[in-house]
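A look at the structure
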Number of protein chains: 2
Amino acid sequence: MESKTAGGDRTELEFGRPEDVSVGIVGGAGEMGALFRRFFEEAGYTVRISDRDTPLDNRELVKSSSIVLFAVPLHLTVDVIRELVPLVREDQLLLDLTSLKAAPVEAMLQSRASVVGLHPMFGGGVKSFAGQTLAACPVRIEDKAWRELRALFESSGMRVKECTPEQHDRMMSIIQVLFHMTTMMMGRVLRELDVDIFETLEYTSPSYRLEMDILGRIFAQNPSLYAAISQLNPHTPDIVEELKKALGLYEKWFREEDLDSFARDFEESARHLGDFCKEAYEESSIILDLVVKLAERNRRP
Amino acid sequence: MESKTAGGDRTELEFGRPEDVSVGIVGGAGEMGALFRRFFEEAGYTVRISDRDTPLDNRELVKSSSIVLFAVPLHLTVDVIRELVPLVREDQLLLDLTSLKAAPVEAMLQSRASVVGLHPMFGGGVKSFAGQTLAACPVRIEDKAWRELRALFESSGMRVKECTPEQHDRMMSIIQVLFHMTTMMMGRVLRELDVDIFETLEYTSPSYRLEMDILGRIFAQNPSLYAAISQLNPHTPDIVEELKKALGLYEKWFREEDLDSFARDFEESARHLGDFCKEAYEESSIILDLVVKLAERNRRP
């Protein structure tokens, strides 16, 4: 991480006087852009946006804003930043909202502006920021400015989790790639085996219904986003490799009718997860009570 | 499925007069056996059990009970049934409670007794049967007796889902093998990559926390049970094959930086899931509101 105090000749942003700070959101008509537009407006900032059909284009917006926030789809982010960076001045602050951090932050650092990479760990449709997490990489920004910006986010109830872009992307290879990719695999298998979801739900265990709810939720969302977060993470090959290794072992143990090896492997994983299993069991039991109620309410005739 | 009305010389079980019907539970000291012991006792039946340290042994129990319920671990069930079947008379009813149905039912049919295979789609620790599902394969039983037995289960709030043993095991290759095996794979990857779970939770999105709760819940449970339901299902190789195919494609698309194919594949799966996605999105949104609250309450210092 670059020193936060570097660049002493950088103009200090006055977060304490929002009326003097103009925020420009590139991609401000999208769901996440609109959410952060409301956030900054409610905090008293003047916000303008550019998007496909806006009076302002990206270039004018970037030139005329103190804070520039990139809120464009992940697979386009780096290209959009690269195109606009030559227009950026040293006294500006660049932020982005994408699900990976190393490549977008690297692109923003090609300017001489202050740079903070952000990743909201929530969707653009949330009703409240309370209890939601914002991952933040304050890679080049005055300490005072970062403290103020962080306080601004926290004032809405968000939790700010600081990390380097590299730490972030490694974490996301677990949180996003491992979990989303296996979910997408499951969706694919259901399709390839032509499984009737509603028929399977007649055998509902609450746990299965809960897992299907999570699966269905993913597939109710944007294909490009899920393609990008799974396929643009630099650590994806490690995850695929490990998944292949696991499948290879399961296949071998099945062929050899070796239940003991399977159970031992299960135990080793449980040991790695440690205390978490008990906490998860308790928390999921409360959740499953709700699932049973929802299943009753939403039962098909 | 064998005709339910076959065997006219079979003594009819009088479910209407529970005091005349003795229930014997093989493995009655286990969690699921104990749950069904309470169930039958509360319905007025006399229940006796055999288990490792009980005064009655399995053979005496089987000889002296009108209804015999096998409640032993899945990987032992077929062996236990085979050993006891030579003692079984035509006027008895055999039930079992295991997570697969074809093999145990086949073993019970080697007797001349009435046979109903059961699979409770819930754990032995549930507080109530209300809203829980019981899969049932009434393969050889008088219609009247089956109607009465079914009504008995339903009187507790259970939903009874009838199916053949083959339909059941195919369904379970999705509900259990696909979903549990991918969860076990994820646990394995977390272990192999030495991921600190509590560190990942600092980046919590509610969805990730929910998925981790489900994962941790599985690993808080019995390794032998999960080994058996994953590795004894005859359809497991189909599931493993499909999962391997998916991983192979993801790997290829990553290497070729082919986000479009990935997104198109995602869309096809979403199309197969159809209306379910919207329902799942709505149901999971309610669940995630609860997860945010639980996360706040259970936050580590």
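Up top you'll find the structure we're talking about.
What comes next concerns the included structure. It should be emphasised that the depicted structure is a prediction, and the values quoted were computed from it without experimental measurement.

Laying chain B over chain A is done by rotating through 180° and shifting 0.0 Å along the axis; what remains is an RMSD of 0.0 Å. When the rotation and shift are considered jointly, the pair of chain copies conforms to a two-fold rotation axis. Interface overlap between copies: 100% of the residues of chain B at the interface are likewise at the interface in chain A, consistent with a symmetric, same-surface contact.

On to the pattern of salt bridges. The full count for this structure, using the stated rule, is 38 salt bridges over all chains. A salt bridge links Asp265 of chain B to Arg191 of chain A, with the shortest nitrogen-to-oxygen separation between them at 3.1 Å. With one member in each of two chains, Asp265 of chain B in helix H11 (residues 259-273) and Arg191 of chain A in helix H6 (residues 165-192) form a pair that bridges those chains. For Asp265 of chain B, a relative accessible area of 7% corresponds to the buried category. Look at Arg191 of chain A and you get buried, because its relative accessible area is 12%. In this structure, Glu202 of chain A and Lys161 of chain B form a salt bridge, with 2.4 Å as the shortest nitrogen-oxygen distance. Of the two residues, Glu202 of chain A sits in the loop between helix H7 (197-201) and helix H8 (206-219) while Lys161 of chain B sits in strand S7 (residues 159-162), which places them in two different chains. The exposure class assigned to Glu202 of chain A is partly exposed, which follows from its relative accessible area of 32%. Exposure remark for Lys161 of chain B: the relative accessible area of 19% places this residue in the buried category. Within this structure, Arg188, Arg191 and Glu192 of chain A together with Glu242, Lys245, Asp265 and Glu268 of chain B form a network of salt bridges that share partners.

Our next topic: empty space enclosed by the protein. A full pass over the atoms with the stated rule returns eight cavities of 30 Å³ or more. There is about 140 Å³ of room inside the largest cavity. What lines the largest cavity is a set of 13 residues, and nearest its centre among them are Met186 and Glu211 of chain A together with Thr183, Met186 and Glu211 of chain B. Those elements giving two or more residues to the lining of the largest cavity turn out to be H6 and H8 of chain A together with helix H6 (165-192) and helix H8 (206-219) of chain B. The element best represented in the lining of the largest cavity is H6 of chain A, accounting for four residues. Here the residues of the lining of the largest cavity sort into eight nonpolar, three polar and two charged.

Cut-offs used in this document
Residues numbered from 1 in each chain as written. Chains lettered and ligands numbered in written order. Predicted model: local features only at pLDDT ≥ 70, side-chain atom pairs only at ≥ 80, totals over all residues. Heavy atoms only, no water. Least-squares fit on C-alpha atoms with pLDDT ≥ 70 in both. Contact = heavy atoms within 4.5 Å. Salt bridge = Lys/Arg side-chain N within 4 Å of Asp/Glu carboxyl O. Helix = DSSP H or I, 4+ residues; strand = E, 2+ residues; numbered from the N terminus. Buried < 20%, exposed > 50% of the residue type's maximum accessible area, 1.4 Å probe, protein only. 1 Å grid on protein atoms, 1.4 Å probe; cavity = no way out; pocket = protein on both sides within 12 Å on 5 of 7 lines; lining within 4 Å. Points joined across faces, edges and corners; volume = space filled by probe spheres on them. Nonpolar A, V, L, I, M, F, W, Y, C, P; charged D, E, K, R; others polar.

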